[in-house]
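# Descriptive analysis of the structure
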Amino acid sequence: MRVALMLAVGTAFTCITSTTAGAEVGAGSWHTHGHRIEDSANQPLRLAGINWFGLETSNFAPHGLWARGYKSMLDQIKAQGYNTIRLPYSNQLFDAGSTPNGIDFAQNADLAGLTGLQIMDKLVAYAGEIGLRILLDRHRPDANGQSELWYTAQYDEARWIKDWTMLATRYAGNHTVIGADLHNEPHGAACWGCGDLAHDWRLAAERAGNAILAANPDWLIVVEGVESYNGQNYWWGGNLAGAGAAPVRLNVANRLVYSIHDYPASVHAQPWFSAPDYPANLPALWDATWRYLHKTNAAPVLVGEFGTKLQTASDREWLTALASCLGTGVDGVHWTFWSWNPNSADTGGILKDDWQTVDAAKQAYLVPLMFKLGGNVTSTQPPLNASAVEDYDASFDHYFHHDAACGAGQARRRVEPERGASIP
């Protein structure tokens, strides 16, 4: 199959077995190389994607399937130039009794009677046919909402890791699925490098990441930041200031990707938005908080969520600054926009409320950041080894939008679009 995707900065490692000459960008499994992500032939690429939420909610299915077919949705995502979908899920999705709902089966006939996991399989299968990649995102433990830590009383660490290794095994050898975003927006009590096993997100990410890589060494391991580090607050999942001194250590080299979330003032009124030199203050903030990892070639960074309704001058200035900060081409920062869904309460989506029409104003900011892939995403490649480091900052649920800045600063939270979303 051909892969026509937009990918984030490509990075590969040097000991990969060479592949057929003339292989198209994106073929096989991906690995990291400095701040780049590379394909199985060591060709750099850029992850340029979109979030499509719903599997993590009580619908147990991607939202919008009440309005149209999932294949039509995926075709449109690809046609807009995105190469990857960040796909949120909850652990509750895999429980008996978590029955998918809110689906028009007249338009999604092949989803009738399936479990949530089987619907995920269908999305992965068709995405692979049309050349899209999937990044799985453990967005919530249960469908009711996000958690500050990676575990709760109902869904403990053992269950979190068990579900991840189940998915890693299920999709082993299927290069449509590129990796695991381990836990969405650690925040609150989550710390980075504090050494407390119950709260140290960096250590938990190592435990889960290494368990996943033992089951599937081809996957990228995406580690978000935390909310607070050394007294400095930032967006949930956005603060990676501690990752430089205390990196995530993985047993397979060249697999670590750090991730942050960043939002504008309309999501939450952070102090930097009211600074006299705003928006000129943003690049330094981002540099201090997470972009230093990209600049020093420590590891790839994925801006896993950023979004806005573009209704204020401040929001437009923020998005202009962030898009400029992300750069272009294979040495740009990787990204997945929040969100495809229009029913994200604080940000809206690329689609308008009819679930059909693209918001041209938003899309125009993203077009220069796109990256097109082409190649066979099903070929099997030898496993790589990767060690990684990252800091994680958590915010609200994936349905929520929050703003993050490209540097050091204090950001903390965002609104929950998902909870405010209208669901049939």
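Up top is the structure these notes are about.
Scope of this entry: the structure provided in the associated data block. (Residues numbered from 1 in each chain as written. Predicted model: local features only at pLDDT ≥ 70, side-chain atom pairs only at ≥ 80, totals over all residues. Heavy atoms only, no water.)

## Structural notes on the overall build of the chain
- What the chain contains, in helices and strands, is eight helices and 13 strands.
- Looking at the chain residue by residue over its 424 residues, the buried ones come to 63%.
- When the accessible surface of the chain is split by element, carbon and sulfur atoms take 52% of a total near 13,200 Å². (Helix = DSSP H or I, 4+ residues; strand = E, 2+ residues; numbered from the N terminus. Buried < 20%, exposed > 50% of the residue type's maximum accessible area, 1.4 Å probe, protein only. Areas by Shrake-Rupley, 256 points an atom, 1.4 Å probe, with all protein chains shown as cover.)

## Focus on the sheet that holds strand β13 (residues 334-337)
- Sheet architecture is closed into a barrel: eight strands sit in the order β4-β5-β6-β7-β8-β11-β12-β13, paired in parallel fashion. Mean inter-strand twist for the sheet, computed between neighbouring axes without regard to direction, equals 30 degrees.
- As paired strands, strand β4 (residues 48-51) and β13 are joined by three bridges and run parallel to one another. Across the sheet, the residue bridging to Gly-49 is Thr-336, located in β13. (Pairing = 2+ DSSP bridges. Axes fitted to C-alpha atoms, helices over the stretch in contact; angles between N-to-C directions.)

## Some remarks on empty space enclosed by the protein
- Enumeration over the complete set of coordinates arrives at one cavity of 30 Å³ or more.
- Quantified by volume, the largest cavity comes out at close to 60 Å³.
- Ser-29, His-175, Val-177, Asp-218 and Trp-219 are the residues nearest the centre of the largest cavity, which is lined by 13 residues in total.
- Across the lining of the largest cavity, the residue classes break down as six nonpolar, five polar and two charged. (1 Å grid on protein atoms, 1.4 Å probe; cavity = no way out; pocket = protein on both sides within 12 Å on 5 of 7 lines; lining within 4 Å. Points joined across faces, edges and corners; volume = space filled by probe spheres on them. Nonpolar A, V, L, I, M, F, W, Y, C, P; charged D, E, K, R; others polar.)

## With respect to the environment of Ala-288
- Relative to the helices and strands, Ala-288 is located in helix α5 (residues 282-295).
- Considered as a pair, Ala-288 and Ala-241 are 47 residues apart in the sequence and their alpha carbons are 6.6 Å apart.

## Focus: the pairing of strand β5 (residues 84-90)
- In terms of residue burial, β5 counts as a mostly covered element, since seven of its seven residues are buried.
- Neither face of β5 is exposed, since Thr-84, Arg-86, Pro-88 and Ser-90 on one face and Ile-85, Leu-87 and Tyr-89 on the opposite face are all buried.
- As judged from the three bridges shared by β4 and β5, these two strands associate in the parallel manner. Note that in β5 the partner of Ile-50 across the bridge is Ile-85.
- Remark: the β4/helix α1 (residues 70-79)/β5 crossover connection has right-handed handedness. (Right-handed = clockwise from strand over helix to strand, strands pointing away.)

## Regarding the nonpolar core
- The biggest cluster of nonpolar side chains holds 101 residues, and the ones touching the most others in it are Met-120, Leu-136, Leu-182, Tyr-258, Trp-290 and Trp-335.
- Looking at this core, the element that brings in the most residues is helix α2 (residues 116-130), giving eight residues.
- Once you skip the residues sitting within four places of it in the chain, Leu-136 turns out to touch Leu-87, Tyr-89, Met-120, Trp-164, Leu-167, Tyr-171, Val-177, Gly-179, Ala-180, Asp-181 and Trp-219.
- Ranked by size, the runner-up nonpolar core spans 13 residues in total, among them Leu-220, Val-222, Leu-302 and Phe-371. (Core = buried A, V, L, I, M, F, W, Y, C linked by side-chain atoms within 4.5 Å. Contact = heavy atoms within 4.5 Å.)

## Describing the packing of α2 against helix α3 (residues 157-170)
- Viewed as axis vectors pointing N to C, α2 and α3 meet at an angle of 40 degrees, and their least axial separation amounts to 13 Å. Accordingly, the angle class assigned to the pair α2 and α3 is oblique. Helix-helix and strand crossings are classified by hand; for α2 and α3 the assignment is right-handed. Counting all contacts with α2, which are made through Leu-117, Met-120 and Asp-121, the residues of α3 involved are Met-166, Leu-167 and Arg-170.
- For the contact of α2 with α3, the per-class residue count stands at four nonpolar, no polar and two charged. (Parallel < 35°, antiparallel > 145°, perpendicular 65-115°, else oblique. Left-handed = near helix turned anticlockwise from the far one by under 90°.)

## Points about the sheet that holds strand β2 (residues 36-38)
- If you walk across this open sheet you meet the three strands as β1-β2-β3, and the pairing is antiparallel. The sheet is open, and its two borders are formed by β1 (31-33) and β3 (44-45), each paired with just one other strand.

## Observations regarding α3
- Given a rise of 1.5 Å per residue, 14 residues ought to cover 20 Å, and the 20 Å separating the end C-alpha atoms of α3 matches this to within 8%.
- Here α3 has its buried residues at Trp-160, Ile-161, Asp-163, Trp-164, Leu-167 and Ala-168. Along α3, the residues classed as buried sweep out an arc of 160 degrees about the axis, all on the same side. In this structure, α3 carries Ala-158 and Lys-162 as exposed residues pointing more than 90 degrees from its buried face.
- The elements touched by buried residues of α3 are β5, α2, β6 (133-140), β7 (177-181) and α4 (201-215). (Expected span 1.5 Å × (residues − 1). Arc of directions from axis to C-beta.)

## A few points about the packing of aromatic side chains
- This structure, assessed with the given rule, holds 19 aromatic pairs.
- Taken together, a centroid distance of 5.2 Å and an interplanar angle of 75 degrees make the contact between Trp-150 and Tyr-151 edge-to-face.
- By relative accessible area, Trp-150 is classed as buried at 0%.
- Under the relative-accessibility criterion, Tyr-151 is labelled partly exposed at 25%.
- Taken together, the aromatic side chains of Tyr-234, Trp-235, Tyr-263, Trp-272, Phe-273 and Tyr-278 make up a single cluster linked through ring pairs. (Phe/Tyr/Trp six-rings, centres within 6.5 Å; stacked < 30°, edge-to-face > 60°.)

## Examining α5
- The terminal C-alpha atoms of α5, which comprises 14 residues, lie only 16 Å apart, well short of the 20 Å expected from a rise of 1.5 Å per residue.
- At Thr-289, α5 shows its maximal bend, which comes to roughly 70 degrees.
- Taken as a whole, α5 has its buried residues at Leu-282, Leu-285, Trp-286, Thr-289, Trp-290, Arg-291, Tyr-292, Leu-293 and His-294.
- Looking at the buried residues of α5, the elements they touch are β11 (256-261), β12 (301-305) and α6 (313-326).
- Immediately beyond the C-terminal end of α5, within one or two residues, lies Asn-297, with a positive phi of roughly 65 degrees. (Bend = angle between axes of the 7 residues up to and from the residue.)

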